[in-house]
Amino acid sequence: MTTLLEGKDILRTDTLTDEELDVILSTAARFEAQLEDEGRLDNMAGQVMAAMFFEPSTRTRLSFESAMHRLGGDVITIADPKTSSAAKGESMADAVKVVQGYADVIVMRHPRKGSAAEAAAAVSIPVINGGDGAGQHPTQALLDTYTIKKEKGTLDGLTVALAGDLKNGRTVHSLVYLLARFDVRLIFVSPAQLKMPGHITEDLVDQGVDVTETDDLAAAMRESDVVYMTRIQKERFDDPEEYERLKGSYVLDMPMVEQAKDGITIMHPLPRVNEIKEEVDAYAGAAYFRQAHNGVPVRMALLALVTGRE
Amino acid sequence: MTTLLEGKDILRTDTLTDEELDVILSTAARFEAQLEDEGRLDNMAGQVMAAMFFEPSTRTRLSFESAMHRLGGDVITIADPKTSSAAKGESMADAVKVVQGYADVIVMRHPRKGSAAEAAAAVSIPVINGGDGAGQHPTQALLDTYTIKKEKGTLDGLTVALAGDLKNGRTVHSLVYLLARFDVRLIFVSPAQLKMPGHITEDLVDQGVDVTETDDLAAAMRESDVVYMTRIQKERFDDPEEYERLKGSYVLDMPMVEQAKDGITIMHPLPRVNEIKEEVDAYAGAAYFRQAHNGVPVRMALLALVTGRE
Amino acid sequence: MTTLLEGKDILRTDTLTDEELDVILSTAARFEAQLEDEGRLDNMAGQVMAAMFFEPSTRTRLSFESAMHRLGGDVITIADPKTSSAAKGESMADAVKVVQGYADVIVMRHPRKGSAAEAAAAVSIPVINGGDGAGQHPTQALLDTYTIKKEKGTLDGLTVALAGDLKNGRTVHSLVYLLARFDVRLIFVSPAQLKMPGHITEDLVDQGVDVTETDDLAAAMRESDVVYMTRIQKERFDDPEEYERLKGSYVLDMPMVEQAKDGITIMHPLPRVNEIKEEVDAYAGAAYFRQAHNGVPVRMALLALVTGRE
C-alpha cells in the first residue's frame, strides 16, 4: 500500500492538501515522541540522502542531516558550491540526474527561484526543496506551523503577528499560506517599504482570512498570541537614514514583551542579528530555539514520508 | 583465506591481471543485484573509508561515499584542500600516514601524477586512486568497462569509438588498456592536435588490437557499437579560431545518432558542457547517466575487495 | 547510576581531577583493545556528534569523526567557517544553541580563547573543546599523555624534554599541567625568545615538579626518556636573521637520535614541516604517527564518557 506522500516531491506549501499537511504534522509529532522514548529510529536504515547545497545554509543542512541520521540513514553532502561540478559548467539538471544514482532522496538548496521544481522534473527520486532563492522554503514553513501547534496546542482561534521585512521574506510568504488553512487572524507588521506583497494579502483575504496591516509592532503584540519576527536588512533600503530610523522599532526587547498579550509566543527563523535582544531568551515564551530544534522531527517526517519509510 | 585483491592498492588499470578485472566486474554485478533485492548490504559495517580529495571532484567523491554507505560503512572526508593541513605545509605522505590511523581504506584524489602510488607506499592500508592529475583514473575506467558489458552483454566483438580530446584525456588513456584485454576494435576520433599519444596507440597495436584513427565522428559512429565522448577544452588550443572551427564537429546531436549504427550506445564520463545535446538524453542508447550510476556498484566492489569484505 | 564524567564538558586539562584523568586513560585503553578484538563498538549507536569547526583543523576533525564512527555513532559537520551562519552575523552562542537540538554532543574548534567555555555555558549538552585559539587544546594533551604511558608503560620516573616554541605552543601548555600530576622531571628546551611563560614554570615548581630550562637540545636528549618537538615559526621572530640562525638547532635528525638516551621516544603534535627529518621516521622510538593514531581511542573515551555511553 502506498502511503499518502510516497514518491512525491516537497517543493512548495500551497500545493499540499490539508490531508498531507495533517499527516506531516502528526508524523513529526510521533517521531519526536519515539525519539524521546527509544533514542533512535531505523526507518531509513540503508537509505542515503543527498544534501545538495548550491548555496550554503548551515542550519538547514545540519538539521536535515541530523534528521536522516536519527532515522538510521546515511548522508552524502555537497556543502560548498565552489567545489562542486557546477564550477566546471555542468547544468543543475545534469548534476541531480547523476546524484539520483547515488541516493534515495535529494534535499536541494539553490539560489535560483524555480530550481527545485526543475530538479524534481529531471529525476525520479523525491526532491525536497531546502530553499530556492526568492521562491519557497516549504520545510521552514512546515516547522514553523508545527512549532505554533506544539507551543499553543492548536492553531485555531489564534492571532499571529508577522513582523519585519514582509516584502522579501521567502519564509513568511510560505508560512502565511499554511496558516491560512487554519482559523487564524493575521497581523502584518512592517514599515511601508517592506509590506507584504499585495497579491499575497489579496489571496489571503479571498480565502476568508482576517488580515490587518500596521507598522506598530507594540500595538500588534498586545493583541497577538504569537509574534513571528524577521530581519530587516539594510540593503533593502534606498535611503540608509530611513533604515537607521526604522530598525529600532523592530527590535524586540523585554519591555515590549511585558506590555504584550499574556503568554505571547516569540518566534524567529534564525539566524538573528539584533531583531530580538538576548535578554528575551530567558522568557518562557521565547520559542525560537525550540523552533529551530523542531526542524529535526519535521524533516524526519518529510524524509520518511516521501520515501515510503514512515 | 585471503581473497584475490585483499590488501592491494588500486592505482592503475594496466597492472590489474585479467583475473582481478574479472573478479571486480563480477563482484560489482553481484552487489548491484543484491542492492536491488535487499536494499542494503553490511559487508563493511564498522569500517571507515577516508576520502582525501586534495583536488575537488564532487562526482567521484559522492559516488565513493555512497558506495561505502551502501556497504554499511562510514566515511570521513576532506573535500576541500584549502582547509586541509596541506595548507600548513604538511607533506602528502605525512597526511596519509596520519589518516591511516583513522580509517581502513583511503580513497585519494590529487592533482599530481604519481601521488597515489606515493601514498600507497607510505601506508599499510589499501589506497584507491580517485584520479592523480595527468596520471590515471582507474575506477572511472573500470566503471566504463562495466557499463559497456552491462549495456551490450559482452565486450567481445564490439567496435568502440573514442572521440574528442584523446591527447589529454586521462580517462580514455586508462580505459583503452582495459578494453584491449577484450576482443574489441577501437576507433580513435579526434582533431589532429588532440590525437591519442603515439606510444599508447603503438602499445595497443603491439597487443594485437585493431586500431583506426580518424577525425570524422559521423563516419566512425556508422561503424561503432559504442561511442565514448570526451570534452574538447578551449585552453588546449594555441589558436582560438581553430577551437571554434573544430568544436562543432564534436557535438553529438540527434541527426548524428539517427545516422549512426543501429542501437549505438553513447557514453561520456561527465560532466558534459556541450559535447552531447540534451535532445539526445531521451534516446534509449544514451547511457551516460546509467554509466555514472554504475560508479556505485563498481566502487562498492573495489572497497569490499581490497579490505577483504567481499 | 551516573558515571564520573557524564554530562560534563571537556574544556581544559587543569580542572580535571586525577580520578577523571585516570578514567579517561583507562577507558581509551579498553576501547583500543576492544576495537582490535571486535572491530567495532556500538556504544553510541543512534547518537549524533556535531563537529563545529569555526577554524579548519583537518586532523582534529577527522580524528573525532573517526572516533564517533568507531563507536557506532553519526556525525554532522561544519568544516568551513566561510559557509557557516557565522558569516551572516550570528553569534557563536546562538549557533551552538541551535545545534544542540541536532546533536547529543558538540566538538568545537574556534579561534578565540575562551570560546569553548562560552559555548558550554550556552547549551545543556556536553561540549568538548577541540582547541580555542591561544587557550587550551585538552584532547591533544590527553592523547599525548596516553601516548607516553603506552610507549613507556608508565609516566612515573620519566624525564620528558619539551622542545621548540614553548612560549606560543598551546599544546605544550595544556600538556605540562597533565604531566605534573605524575612523578616526572621536565626539561624545557627553547631559544631565549621562545621560553615557557614564567607563570607556568612557577606553577609547576610550586607543585614540586623538577623543571630545568636550557637551549641545548642535544644535551637535553642525552638525559630524556621522551622528547616532545614543536614547530618554531618564522613569524614569531622580530629579526628574520635570528630565526635563520636558530631554526637549525631545533631540527631533529638521526645523528642527534644516535647520541640521545637509549630508546628515547620522539613525539610531535603534527603537522611537522621540517622539525624532524624524514630519516627519523624509521627509528623505532619515532612515535609521532602512533601518537596521532592514539587520538581515536582517547577521543572515543571522551565522547562515550561525557554522554554516559562508556
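Residues numbered from 1 in each chain as written. Chains lettered and ligands numbered in written order. Predicted model: local features only at pLDDT ≥ 70, side-chain atom pairs only at ≥ 80, totals over all residues.

1. Section: the overall build of chain A
Okay, step 1: Each helix and strand in chain A was counted, giving twelve helices and nine strands.
Okay, step 2: Computed over the C-alpha atoms, the radius of gyration of chain A is 20 Å, within 12% of the 19 Å expected from 2.2 N^0.38 for a compact globule of 310 residues.
Okay, step 3: Taking all 310 residues of chain A together, the buried fraction comes to 54%. (Helix = DSSP H or I, 4+ residues; strand = E, 2+ residues; numbered from the N terminus. Rg over C-alpha atoms; globule rule 2.2 N^0.38 Å. Buried ≥ 20, exposed ≤ 12 C-beta atoms within 10 Å, placed from the backbone.)

2. Topic: the environment of Leu178(B)
Residues and elements named next belong to chain B.
Okay, step 1: Tracing the sequence through the fold places Leu-178 in helix α6 (residues 170-179).
Okay, step 2: For Leu-178, a count of 22 C-beta atoms within 10 Å corresponds to the buried category.
Okay, step 3: On a C-alpha basis, the gap between Leu-178 and Leu-21 in space is 8.6 Å, while along the polypeptide they are 157 residues apart.
Okay, step 4: Discounting chain neighbours no more than four positions away, the residues touching Leu-178 are Thr-13, Leu-21, Ala-141 and Thr-145. (Contact = placed C-beta atoms within 7 Å.)

3. So, the interface of chain C and chain B
Okay, step 1: With 20 residues of chain C at the contact, the number on the chain B side is 20 residues.
Okay, step 2: At the level of secondary structure, the elements contributing two or more residues to the side of chain C that touches chain B comprise α2 (58-70) and α11 (288-293) of chain C.
Okay, step 3: For the side of chain C that touches chain B, the element with the most residues is α2(C), which contributes seven residues.
Okay, step 4: Among the residues forming the side of chain C that touches chain B, the class breakdown is nine nonpolar, six polar and five charged. (Nonpolar A, V, L, I, M, F, W, Y, C, P; charged D, E, K, R; others polar.)

4. Some points on the interface of chain A and chain C
Okay, step 1: Taken together, the contacts link 20 residues of chain A with 20 residues of chain C.
Okay, step 2: For the side of chain A that touches chain C, the element with the highest residue contribution is helix α2 (residues 58-70) of chain A, accounting for seven residues.
Okay, step 3: Here the side of chain A that touches chain C is composed, by residue class, of nine nonpolar, six polar and five charged.

5. Thoughts on the sheet that holds strand β2 (residues 74-78) of chain B
Residues and elements named next belong to chain B.
Okay, step 1: The four strands lie next to each other as β2-β1-β3-β4, forming an open sheet whose pairing is parallel. Where the open sheet ends on each side, the last strands, each with one partner, are β2 and β4 (127-132). Sheet twist, expressed as the mean angle between neighbouring strand axes with direction ignored, is 15 degrees.
Okay, step 2: Across four bridges, the pairing between strand β3 (residues 105-110) and β4 is parallel. In the strand pairing of β4, Met-108 is matched with Asn-129.
Okay, step 3: Set on the sheet, helix α2 (residues 58-70) makes contact with β1 (48-53), β2, β3 and β4; between it and β1 the angle comes to about 180 degrees. (Pairing = 2+ DSSP bridges. Axes fitted to C-alpha atoms, helices over the stretch in contact; angles between N-to-C directions.)

6. Brief notes about the relation of the copies chain C and chain B
Okay, step 1: Here chain C sits on chain B after a turn of 120 degrees about the axis and a move of 0.0 Å along it, with an RMSD of 0.0 Å. In the structure described here, the two chain copies are related by an operation that fits a three-fold rotation axis.
Okay, step 2: Residue by residue, only 5% of the interface of chain C is reproduced at the interface of chain B, so the copies engage with different surfaces. (Least-squares fit on C-alpha atoms with pLDDT ≥ 70 in both.)

7. Quick look at the sheet that holds strand β9 (residues 265-267) of chain C
Residue and element names in this part refer to chain C.
Okay, step 1: Taken in spatial order, the five strands make up an open sheet running β7-β6-β5-β8-β9, and their pairing is parallel. A strand with exactly one partner marks an edge of an open sheet, and here the two such strands are β7 (210-214) and β9. Strand-to-strand twist across the sheet, computed as the mean angle between neighbouring axes with direction ignored, equals 20 degrees.
Okay, step 2: Pairing of strand β5 (residues 159-163) with strand β8 (residues 226-229), which is carried by four bridges, proceeds in the parallel orientation. Bridging across to β8, Val-160 finds its partner in Val-226.

8. Let's talk about the relation of the copies chain A and chain C
The two chain copies are connected by a rotation around an axis plus a translation along it.
Okay, step 1: Expressed as a screw transformation, the operator carrying chain A onto chain C has a rotation angle of 120 degrees and an axial translation of 0.0 Å, and the superposed copies differ by an RMSD of 0.0 Å.
Okay, step 2: Comparing contact sets, just 5% of the residues at the interface of chain A also lie at the interface in chain C, consistent with a heterologous contact between different surfaces.

9. Let's talk about the environment of Leu303(B)
Residues and elements named next belong to chain B.
Okay, step 1: Summarising the element assignment, Leu-303 is placed in helix α12 (residues 295-306).
Okay, step 2: For Leu-303 and Met-68, which are 235 residues apart along the polypeptide, the C-alpha to C-alpha distance reads 7.4 Å.
Okay, step 3: With sequence-adjacent residues up to four places away left out, Leu-303 is seen in contact with Met-44, Met-49, Ala-67, Met-68, Leu-71 and Val-105.

10. Here's the deal with unusual backbone geometry
Okay, step 1: In this chain, Leu270(A) is followed by Pro271(A) through a cis amide linkage whose omega measures -5 degrees.
Okay, step 2: When you line up the elements, Pro271(A) lands in the loop between β9 (265-267) and α11 (288-293).
Okay, step 3: Positive phi values are uncommon outside glycine, yet Leu270(B) reaches one of about 60 degrees.
Okay, step 4: With respect to the secondary-structure elements, Leu270(B) resides in the loop between β9 (265-267) and α11 (288-293).
Okay, step 5: On the neighbour-count criterion, Leu270(B) (22 C-beta atoms within 10 Å) is buried.

11. As for the environment of Leu270(B)
Okay, step 1: Separated by 21 residues in the primary sequence, Leu270(B) and Gln291(B) place their C-alpha atoms 9.3 Å from one another.
Okay, step 2: Non-local contacts of Leu270(B), meaning those with residues more than four positions away in its chain, are made with Asp94(A), Val98(A), Arg59(B), Tyr288(B) and Ala292(B).

12. Examining the pairing of strand β8 (residues 226-229) of chain A
Residues and elements named next belong to chain A.
Okay, step 1: Residues Val-226 and Tyr-228 point to one face of β8 and Val-227 and Met-229 to the other, with burial holding for every one of them.
Okay, step 2: Sheet topology note: the β8/β9 ladder contains three bridges and is parallel. What sits directly across from Tyr-228, in β9, is Met-267.

13. Quick look at the pairing of strand β5 (residues 159-163) of chain A
Residues and elements named next belong to chain A.
Okay, step 1: Burial analysis of β5 places four of its five residues in the buried class, the great majority of the element.
Okay, step 2: Where β5 lies against strand β6 (residues 185-189), five bridges are found, and the strand directions are parallel. Within β6, the residue paired with Thr-159 across the bridge is Arg-185.
Okay, step 3: The parallel pair β5 and β6, bridged by helix α6 (residues 170-179), forms a crossover whose chirality is right-handed. (Right-handed = clockwise from strand over helix to strand, strands pointing away.)

14. Some details on the domain arrangement of chain A
Residue and element names in this part refer to chain A.
Okay, step 1: For chain A, the domain assignment lists domain 1 (18-136 + 295-306) and domain 2 (139-292).
Okay, step 2: Each of domain 1 and domain 2 was reduced to a C-alpha centroid, and the two centroids are 26 Å apart.
Okay, step 3: Facing the 15 residues of domain 1 at the interface are twelve residues of domain 2.
Okay, step 4: Of all the secondary-structure elements, those providing two or more residues to the side of domain 1 that touches domain 2 are α1 (18-38), β4 (127-132) and α12 (295-306).
Okay, step 5: Across the side of domain 1 that touches domain 2, the residue classes tally to eight nonpolar, four polar and three charged. (Domains from an automatic or database assignment.)

15. Concerning helix α3 (residues 92-99) of chain B
Okay, step 1: For α3(B), the tally of buried residues reaches six of eight residues, placing the bulk of the element in the interior.
Okay, step 2: For α3(B), the complete set of buried residues consists of Asp94(B), Ala95(B), Val96(B), Lys97(B), Val98(B) and Val99(B).

16. With respect to α1(A)
Residue and element names in this part refer to chain A.
Okay, step 1: Here α1 contains 21 residues, and its C-alpha end-to-end distance of 30 Å stays within 8% of the 30 Å for a straight helix at 1.5 Å per residue.
Okay, step 2: Listed in full, the buried residues belonging to α1 are Ile-24, Leu-25, Thr-27, Ala-28, Phe-31 and Glu-32. One side of α1 carries all its buried residues, which in axial view fall inside an arc of 160 degrees. Opposite the buried face of α1, at more than 90 degrees from it, the exposed residues are Asp-18, Glu-19, Ser-26, Ala-33, Asp-37 and Glu-38.
Okay, step 3: The secondary structure elements touched by the buried residues of α1 are α5 (138-152) and α12.
Okay, step 4: Immediately downstream of α1, the backbone of Gly-39 shows phi near 85 degrees, a positive value. (Expected span 1.5 Å × (residues − 1). Arc of directions from axis to C-beta.)

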